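One letter stands for each residue in the lines below.
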Amino acid sequence: MKTSPPTFDGLDLLSSAVVILDASSRITYANAAAENLLESSFKVLSHQKLDTLFLNGDHLNQIFQEAVQHRFADKRLDLSLERPNREPLHVHVIVTALDNPDTPVLIELRENVQQLKQDREERMLDQSQANKELIRNLAHEIKNPLGGIRGAAQLLELELPERHLKELREYTQVIIKEADRLQTLVDRLLAPHRRPHIVGDVNIHEVCERVRSLIVAEFPTGLTIKRDYDLSVPEFRGDKEQLIQAVLNIAHNAAQALADQIKAGDAVITFQTRVARQVTLAKVRYRLALDLHIIDNGPGIPPDIRDRIFYPLVSGKDGGSGLGLTLAQTFVQQHMGVIECESRPGCTDFRILIPLP
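Worth saying up front: this structure is predicted, and the values here are computed from it rather than measured. (Residues numbered from 1 in each chain as written. Predicted model: local features only at pLDDT ≥ 70, side-chain atom pairs only at ≥ 80, totals over all residues. Heavy atoms only, no water.)

Here we look at the overall build of the chain
Then step 1. The secondary structure content of the chain amounts to 9 helices and 12 strands.
Then step 2. Restricting the contact set of the chain to residue pairs at least 6 apart, pairs at least 24 apart contribute 61%. (Helix = DSSP H or I, 4+ residues; strand = E, 2+ residues; numbered from the N terminus. Contact = heavy atoms within 4.5 Å.)

Put into structure tokens, the structure is as follows:
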């Protein structure tokens, strides 16, 4: 059990992480919040130098030296502290110089969760808008010559000499089929911009049940779909078909990622609904919001595409078009909402937030 000087006992009640360093910058005290933040017990942290816990700890050491030399009474700054084999810590740091030669420095660490979330949402919205313009322009540029290429191939096929028709028709058919395939892709790219936004009363549980029935029909064995619904979630105004498509795209991706678990018979997808309170979406504060989670126990999203999964044509599976999540994000954003994702091996959680009345 951790023991600490009695004067520090009250620090365990704080929600922010507090560490106290001795004159050689070694940790002499860490409160419970610090143990949670640094993911280590005080027994492990004790007498380690704080800066050695991070790959870029030199800045912390420099600030420690300034505090020991009493160049300031307290100092505040935002840091991104990198850790080996873990996600970096984005924290607001408060460094205080103490009048005690044995423990001259106290450091308080507070995670910048809300600020990081807002920054990420703003970047996502900006990127999504840029993607929409790019997709729309690119699709139109591709669409125009496609008809000419397909028509030329058909005319060429009609002009082929009879004696070589069988051999040469194979090549014209390749051109026609590939033109049709590209036309289908272009139609999918333009789909959310063509389809009218049909607004009506939406019950999110009806949406989830419709998606559940579709997934169960495609994957009848080896996959369990759990429901954890908060029936107090109110109806809201929206496009039911768009939301069905958005949730279906996410759930279908999850089911495909669970291929190995489905074979083993232990694949699980969970639909969870809650009401979130005092939520900020796109710099607008909402009193209530739908909080829908689609969670699977698959292998997780590959790290190399984790930050780009909502970009068009980015896919984690062979043969994937990379449009499912892009369209899902577009449909949710048309409801003033956002999709977030957290993923690690064994748990991928897509979270849909939409304002409620």
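With respect to the pairing of strand β11 (residues 338-344)
Then step 1. Across 7 bridges, the pairing between β11 and strand β12 (residues 347-355) is antiparallel. Residue serine 343 lies in a different strand from β12, and its bridge partner there is threonine 348.
Then step 2. Counted along the chain from β11 to the antiparallel partner β12, the turn is 2 residues long, and its residue glycine 346 has a positive phi close to 95°. (Pairing = 2+ DSSP bridges.)

Topic: the packing of helix α7 (residues 240-257) against helix α9 (residues 324-333)
Then step 1. Contact pair α7 / α9: the axes reach a minimum separation of 8 Å and the direction vectors enclose 145°. Where α7 crosses over α9, the two elements pack in a sense that is left-handed. Judged by residue contacts, Gln242, Gln245, Ala246, Asn249, Ile250 and Asn253 of α7 engage Gly324, Leu325, Leu327, Ala328, Phe331 and Val332 from α9.
Then step 2. When the residues that make up the contact of α7 with α9 are grouped by side-chain class, the tally is 7 nonpolar, 5 polar and no charged. (Axes fitted to C-alpha atoms, helices over the stretch in contact; angles between N-to-C directions. Left-handed = near helix turned anticlockwise from the far one by under 90°. Nonpolar A, V, L, I, M, F, W, Y, C, P; charged D, E, K, R; others polar.)

A look at the confidence of the model for the chain
Then step 1. Averaged over every residue, the pLDDT of the chain is 83; residues scoring 70 or more account for 84%.
Then step 2. The secondary structure element of the chain with the lowest average pLDDT is helix α4 (residues 113-159), at 73, and the one with the highest is strand β7 (residues 223-228), at 94.
Then step 3. Under a pLDDT of 50 for its full length, residues 1-6 has, in the predicted model, 9 contacts with residues more than four places off or in other chains. (pLDDT = per-residue confidence, 0-100.)

What about the pattern of salt bridges?
Then step 1. One pass over the full model with this rule turns up 11 salt bridges.
Then step 2. We note a salt bridge from arginine 110 to glutamate 108, for which the minimum N-O separation is 2.9 Å.
Then step 3. The exposure class assigned to arginine 110 is partly exposed, which follows from its relative accessible area of 38%.
Then step 4. We note a salt bridge from glutamate 157 to arginine 169, for which the minimum N-O separation is 3.3 Å. (Salt bridge = Lys/Arg side-chain N within 4 Å of Asp/Glu carboxyl O. Buried < 20%, exposed > 50% of the residue type's maximum accessible area, 1.4 Å probe, protein only.)

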